[in-house]
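Structure at a glance
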Amino acid sequence: MLPQGGGGLADDSGCPILHVDMDAFFASVELLDRPELRGRPVIVGAAGARGVVLSATYEARRFGVHSAMPMTRAVRLCPRATVIPPSHGKYAEVSRGVMEIFRSITPEVEPVASDEAFLDVGGARRRLGPPAAIAAMIREQVAERYGITCSVGVASSKFVAKLASRQCKPDGLLVVPADGVVEFLHPLPVAALWGVGERTEQALVRLGIRTVGDLAQVPVSTLQREFGAVGAHLAALACGRDERPVVPHTPDKSIGNEETFPHDVDDPEAIRRELLRLSERVAARLRASGQVGRTVSVKLRRSDFTTITRSRTLREATDVAKEIFATSCELFAASGMDRVRLRLVGVRVENLRPAGTAARQLSLGERETGWREAEQAMDKAIRRFGPDAVRPASLVRPPSGPMDL
Amino acid sequence: MIFRIDRDVLAEAVAWTARSLPARPSVPVLAGMRLEVTDDQQLKLSGFDYEVSAEVTLEPQSGEPGVVLVSGKLLAEITRALPAQPVDFVVDGAKAVVTCGSARFTLLTMPVEDYPSLPAMPPAAGRIGSDVFAGAVGQVAVAAGKDDTLPMLTGVRMEIEGDTVTLAATDRYRLAVRELKWHPEQPDFQAIAMVPGRTLADTAKALGGTGAEVEIALSSVGGTGEGMIGFSSSGRRTTTRLLDPEFPKYRSLLPTEFSARADIPTASFVEAVKRVALVAERNTPVRLAFRGDEVVLEAGSGDEAQAVEVLPVDFDGDDINIAFNHQFLLEGLGAIDSDVARLQFTTSTKPAILTGGKPVDEGATPDYRYLIMPIRLSS
């Protein structure tokens, strides 16, 4: 009954953590509408000069294509690939459905991204059986309901579960038994460890530490001397210790949107218009999530990729686009970049808290109902009539087609 | 140029002039302090940053006319540290030599010909006691905005109608208004000026404490020297550029009818607010519940530390729950200058008015009013 992935039969007692990762998620979803492309290289991402690969089928990956790669490079590597522009609404819908399957198994679901999540099934054992059986059930249900595959790692801790799912990809299931963690980990390169980026890896390799096994041999005190607090963390991971629990809902630390221009822009008016569009989007997302934030930050990337961010903390937390936009414009004006060619701009609101608990300092002569209420009315109109129903006049584009006169 | 002067007199004058020098001058020469001995043997020290100018006139013990520009900050540090003996200041070529007792400093001079000339004082408009003025400005400037991104709210508005001066300032969350009498040069003098709040507060404080009168120089609407205000007192004069006169129409925002009034001894009220505010973070409210003859002060929430304190109060009106930013409340209580604080309310989302004590004549408008906007609590 268990699908392939021989590891599925290993001892799964003491392995309550599941890491579920959709295989080539966006690409797989696109293939549902384009079955004729099955078995062929497919890349999802904006096709223009500025596009990056968001997802690629395993057929395309064989040519060296991977996500976050510039599209131009990907197409050079795999000229036969079909490039499909992304349609995020479609992915969000499948993602929601998949997360629902997880939540029907246990409330202990920690989404990491739209296509991956950790589950703690320790409490579902009596009802649904051992973790490996639950993992198999998840794979079956996802395949049955959405026609896409996923890979599941089953282990005693989050980071081992994540490594396991990566190793059994695509369409696999791997159980790392609690007493087999060390054997599983030690042959892996140090870069596989959570928190080891390029810099730490280089530093480790300089010390002659290439595999997790090498790392486990080094005394903690030596690691602490070399890496400070990170040293103790590395030592713990090398022995397979990871105390992080599965946290069902991690509240957003910030909400932001950014946009890469199709061509670099140096017209401050055009940039402010983009800031307005992003502010509207961020504010709508804040309101939808029932949050307000106090810090507004603006990200500006020059055409040579050097990037600055500027932020300001407001007196009062807000979810109003008008306020976010006004602050963004001030930050932009103060950045000294108003005549610089920009490649990307972004608006972000940080310092979030639930809107309900926010006491609000009233200001003099303030109307009882203001912009917040106006924007809430916009939300309602958009929910009913679609995303283009209401928007600021400066964002209304002239009709694109030739007009009949 | 040569002069000799008493150390204390010089140190105080240099310190006063140096206050208005810019910390980061846009042009190097603006970091300088100009010293001039005039033909009639007066010593003038001046500083200017294109916004604010300051000038002191002193009587040196002896002197030879001339003018020099030296680093104001350095001169202030030197004169402050000099021993209590006469100071000799001699300009020798491109250097200035300061000698006092056994100490001797050589300073580089700066090109005085590049230094901008100080703006002329606008015509004198009237006089007011320096202590009264300093007190009134302090009461109002506390409500001025500190956010330079909203320059219109960083000013103190001065409205002059004959012998009445009205000072007002608001940062949108509170509004302080003070009326006082002065002596105008012309009985029908009228003017409106927006004075940068921080500069006005500094100036009023620096000119106060002497018991002398302050002369205010300000042109009436459309007169010469518009856009500038000057203050002078006992040999010191300062000018500052005015802000755009735009200001909220505040008079209509001041409520005149209330549904409740509370009189509370100021000192114990301040103490209690300070105590409960210990658990309130910045910008979080102190909640006041007025019930009969007591008020319950509370801060903090169930998730964090909480504090509560009860004070007796002379209360008249409908029970009310209202919440304020504790910093705003404390600053208001500090400004009323009275043993008894009077708070008047209408509802928990409408402005409350804080005034000092029982007015002599119930119903009369008090000289000083501090309006404070409440914090609306989510229900």
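Our subject in this report is the structure included herewith. Here the structure is a predicted model, which means the values were calculated and not measured. (Residues numbered from 1 in each chain as written. Chains lettered and ligands numbered in written order. Predicted model: local features only at pLDDT ≥ 70, side-chain atom pairs only at ≥ 80, totals over all residues. Heavy atoms only, no water.)

**Brief notes about the pattern of salt bridges**
Residue and element names in this part refer to chain A. Our working definition: A carboxyl oxygen of Asp or Glu within 4 Å of a side-chain nitrogen of Lys or Arg is what we treat as a salt bridge. Here the term buried applies to any residue with accessible area under 20% of the maximum for its type, exposed to any over 50%, and partly exposed to those in between, with areas from a 1.4 Å probe on protein chains only. In DSSP terms, a helix is any run of H or I states spanning at least four residues, a strand is any run of E spanning at least two, and both are numbered starting from the N terminus.
All chains considered together, the criterion is met by 34 salt bridges over all chains. Across the pair Arg244 and Asp242 runs a salt bridge whose closest N-O atoms are separated by 3.0 Å. Here Arg244 falls in the partly exposed class, since its relative accessible area comes to 29%. Residue class for Asp242 comes out buried when judged on its relative accessible area of 11%. When the shortest N-O distance is used, the salt bridge between Arg281 and Glu259 registers 3.9 Å. You can see Arg281 sitting in helix α13 (residues 268–288) and its partner Glu259 sitting in strand β9 (residues 254–265), a full 22 residues away along the chain. Note on Glu259: relative accessible area 26%, which makes it partly exposed. One continuous salt-bridge network, built from bridges that share partners, spans Glu259, Glu274, Arg277 and Arg281.

**Focus: the packing of aromatic side chains**
The line we're drawing: Pairs were defined over the aromatic rings of Phe, Tyr and Trp, the Trp ring being its six-membered one, requiring ring centres within 6.5 Å. Orientation was assigned from the angle between planes: stacked under 30 degrees, edge-to-face over 60, tilted for the rest. Here, a charge over a ring is recorded when the distance from Lys NZ or Arg CZ to the ring centre is within 6 Å and its angle to the ring normal is within 35 degrees.
The final tally for this structure, using the stated rule, is 11 aromatic pairs over all chains. Seen in terms of ring centroids, Phe133 of chain B and Phe231 of chain B are 5.7 Å apart; in terms of plane orientation they differ by 35°. Their pairing is tilted. Separated by 98 residues along the polypeptide, Phe133 of chain B in helix α3 (residues 130–141) and Phe231 of chain B in strand β17 (residues 228–233) bring together distant segments of the chain. Across this residue pair, the class does not change: Phe133 of chain B and Phe231 of chain B are buried. Ring centres of Phe247 of chain B and Tyr250 of chain B lie 5.8 Å apart, and the angle between their planes is 75°; this geometry places the pair in the edge-to-face category. An identical accessibility class is assigned to Phe247 of chain B and Tyr250 of chain B; each is buried. Following the ring pairs from residue to residue traces out a cluster consisting of Phe25, Phe26 and Tyr91 of chain A. Above the ring of Tyr58 of chain A, the side-chain terminus of Arg61 of chain A is found at 4.5 Å from the ring centroid. Above the plane of the ring of Phe118 of chain A lies Lys158 of chain A, whose end atom (NZ or CZ) is 5.1 Å from the centre.

**Digging into the interface of chain A and chain B**
Rules: The contact definition used throughout considers only heavy atoms, calling two residues in contact when any of these lie within 4.5 Å. Computed with a 1.4 Å rolling probe, the buried area is the accessible surface lost when two parts are put together, summed over both parts. The nonpolar class holds Ala, Val, Leu, Ile, Met, Phe, Trp, Tyr, Cys and Pro. Asp, Glu, Lys and Arg form the charged class, and all remaining residues, Gly among them, are polar. Pairs of strands are assigned from DSSP output, requiring at least two bridges between the strands.
Facing the 15 residues of chain A at the interface are 19 residues of chain B. A combined buried area of about 1,500 Å² lies between chain A and chain B, and 54% of that area is made up of carbon and sulfur atoms. It is Arg315, Leu362 and Leu364 of chain A that lose the most area in chain A upon contact with chain B, and together they represent 45% of the buried surface on that side. Linking chain A with chain B are 0 salt bridges. Only β11 (307–318) and β13 (360–361) of chain A provide two or more residues apiece to the side of chain A that touches chain B. Its residues placed into classes, the side of chain A that touches chain B shows 4 nonpolar, 5 polar and 6 charged. With 2 bridges connecting them, β13 of chain A and strand β28 (residues 375–376) of chain B associate as antiparallel partners. Paired with Arg360 of chain A across the two strands is Arg376 of chain B, which belongs to β28 of chain B.

**Topic: the environment of Val109 of chain A**
Residues and elements named next belong to chain A. With respect to the secondary-structure elements, Val109 resides in strand β5 (residues 109–113). For Val109, a relative accessible area of 1% puts it in the buried group. Once the C-alpha coordinates of Val109 and His19 are considered, the two residues, 90 residues apart in sequence, prove to be 9.9 Å apart.

**What about the sheet that holds strand β21 (residues 294–300) of chain B?**
Residues and elements named next belong to chain B. The test is simple: Every axis in this analysis is a line fitted to C-alpha atoms, fitted for helices over the stretch in contact. Angles between the N-to-C directions lie between 0 and 180 degrees.
Across the sheet, 4 strands lie side by side as β22-β21-β20-β24; this open sheet has antiparallel pairing. Strands at the two margins of the open sheet, each flanked by one partner only, are β22 (306–312) and β24 (320–325). The mean inter-strand angle of the sheet, taken between neighbouring strand axes irrespective of direction, is 20°. Taken together, the 6 bridges between strand β20 (residues 285–291) and β21 define a ladder with antiparallel strand orientation. The partner of Ala289 across the bridge, within β21, is Val296.

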